[in-house]
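A closer look at the structure
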Amino acid sequence: MYSALDPLVEQFILVREKGDYALTGYGVVLCTALETATEPPTFDRAGVRFLLASTNRVALLRTLRASPARKAALANGEASPSRTTVHRAIEAFTEKGWVTQNTTGQYTLTETGERALVAFTRLLDDFEAAQSASTFLYCCDEAVADIPLDGLANAELHVDRPEAHDTSRGVLHELVTPELDSFQGFLSSVSTASADVGDSIIRSGTHTELIIPEPVFYELPTKGHYSEHVKRGLEAKNFDFFIVPNVESLPIGLAIFDGETVLMSPANLNHVPPGGNAGTVVSSDEALVEWATALYTEYHAQAQTPGEHLIERLKEKLAEGASVLTRSNSMTD
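Residues numbered from 1 in each chain as written. Predicted model: local features only at pLDDT ≥ 70, side-chain atom pairs only at ≥ 80, totals over all residues. Heavy atoms only, no water.

1. Overview of helix H14 (residues 286-302)
Convention followed: Only DSSP runs of H or I covering at least 4 residues are called helices, and only runs of E covering at least 2 are called strands; the numbering of each starts at the N terminus. In a helix, the anticipated span is given by 1.5 Å times the number of residues less one. Summary of the burial criterion: residues with accessible area below 20% of their type's maximum are buried, those above 50% are exposed, and those between are partly exposed, where the area comes from a 1.4 Å probe applied to protein chains only. It is the directions from the helix axis to the C-beta atoms that the arc portrays.
Compared with the 24 Å implied by 1.5 Å per residue over 17 residues, the 25 Å span of H14 between its first and last C-alpha is a close match. Within the sequence span of H14, burial applies to Leu-288, Val-289, Trp-291, Ala-292, Leu-295, Tyr-296 and Tyr-299. The buried residues of H14 occupy one face: seen down the axis, they fall within an arc of 165°. In H14, the exposed positions that point more than 90 degrees away from the buried face belong to Glu-286, Glu-290 and Ala-301.

Right, here's the structure in full:
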C-alpha cells in the first residue's frame, strides 16, 4: 500500500504523519474539482480515466466539435492518429453516446459529448490552477475545498526560499501602505515579525481587525519589548481584537486590504511542503476576495472580544467549582 500512496506524498496530494495518510489542502482541492466536473452518467470518473489515457481522444473530440468528419479524414494528416486509433476511439465515443454518425457518413459531437468535453477541459484547467498554487494549498485543510480556482490561477505566488523563510511577512510589509484604510486578518502563531507588522499597521491609524485562535491569546507576550506592541494594540481605538474559542488554529494565514486585495499564507509554518518551500498567494481577483471575506466572516461570527472571552472562561471556572463543591457536600452528607 505504501508504494502506491508514497508517490502522492511526493506530489503534495497526501501527507504522512505518524504512519497515517491524509489529504493535504491541495489534495482536497483536486478531489473537489473532480467531484464538480463529473456528472454521472453523462461524464463520470470512468470517462475521466478514458480521456486521460490518450491525448488523441481529447484531440479527436475537439476536431469533431469544430466540424463533422469521416474516420478517414480524422486519420488524414501528418500529426493525425493512425486509422486504427481513430476507429477504436470513434467506436468508444459512439458507445458512450458522445458522437453520432449523420446521414452523410460523417461523425459529429452530440450534446452529451459536448458536455463531457467541456467538463473535462474545465477539470484540466482546475488541476492546472491548483498545481500552480500547490505550495500554498499543501499547508491548508478542507476549508479551501471551494476556493475559486480561476482566481487562484491568476494570483501572484511568492514561495519561500531555503535562505529566506516566511516570505508572507515581507509581502505583507509591502502591502501595508499609508493609503490603507482597513485591514482584516487571521493570526495563528506569534512571532516577532508578525508583531512588528501588526504594530506598524496600528500606528498608521488603519482600522484593524485581527482574529486569533484561543491558544494564541494565552501566548501573547506580557513582558519585554513586544509586550508593548500588545498593550498598544489593546488600547488603540483603531484596533479590534477577537478570539475564537476552542480552536487550535485558523485554517489559513489571511490578510484583507480595504476589501479589495487578499494575502493568503500557511496558518502554521511548521506545516509546510517537503523542503520547506511554503507559498503565499496575493490577489485582487473579485471571486477570491469574496471567498476570503466569507471565510473571515464565518470565523468572526464565532469570535469573542478579550473581555467576553475572559468572562466566559470565568463563568466556566465558577461552574466547575460549584459542581465540585456540590459533589463534595453530597459525599459528606
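2. Remarks on the pairing of strand E11 (residues 279-283)
Convention followed: In this scheme, strands are said to pair when DSSP sees at least two bridges between them.
Across the five residues of E11, five count as buried, placing the element largely inside the fold. With four bridges connecting them, strand E5 (residues 156-159) and E11 associate as antiparallel partners. What sits directly across from Glu-156, in E11, is Val-282.

3. With respect to the nonpolar core
Our working rule: Among buried residues, those of type Ala, Val, Leu, Ile, Met, Phe, Trp, Tyr and Cys that are joined through side-chain atoms within 4.5 Å constitute a nonpolar core.
Counting 68 residues, the largest nonpolar core has Phe-93, Leu-137, Ile-147, Phe-186, Ile-252 and Met-264 as the members making the most contacts within it. Counting residues in each nonpolar core, the second largest holds twelve residues, with Val-216, Val-230, Phe-241 and Ile-243 among its members.

4. Re the sheet that holds E11
Applicable threshold: Note on geometry: axes are C-alpha line fits, over the in-contact stretch for helices, and angles between N-to-C directions span 0 to 180 degrees. The contact rule is simple, with two residues in contact once any of their heavy atoms fall within 4.5 Å.
The strand order E5-E11-E10-E9-E6-E7-E8 describes an open sheet built from seven strands, whose pairing is mixed. What marks the edges here is a single partner per strand, and that holds for E5 and strand E8 (239-244). For this sheet the average axis-to-axis angle between neighbouring strands, irrespective of direction, equals 15°. Contacting strand E6 (182-186), strand E7 (207-213), E8, strand E9 (253-257), strand E10 (261-265) and E11, H14 crosses the sheet at an angle of about 65° to E7.

5. Some points on the environment of Phe-241
Within the element layout of this structure, Phe-241 appears in strand E8. For Phe-241, the contacting residues outside a window of four places in its chain are Leu-210, Ile-212, Phe-217, Leu-220, Leu-234, Gln-304, Thr-305 and Pro-306.

6. What to know about the pairing of E7
Counting buried positions along E7 yields six of seven residues, so the element is predominantly enclosed. Examined bridge by bridge, E6 and E7 share five bridges and lie parallel to one another. Note on E7: the bridge partner recorded for Phe-183 is Thr-208. Strand direction decides the pairing type here: E7 and E8, joined by six bridges, are parallel.

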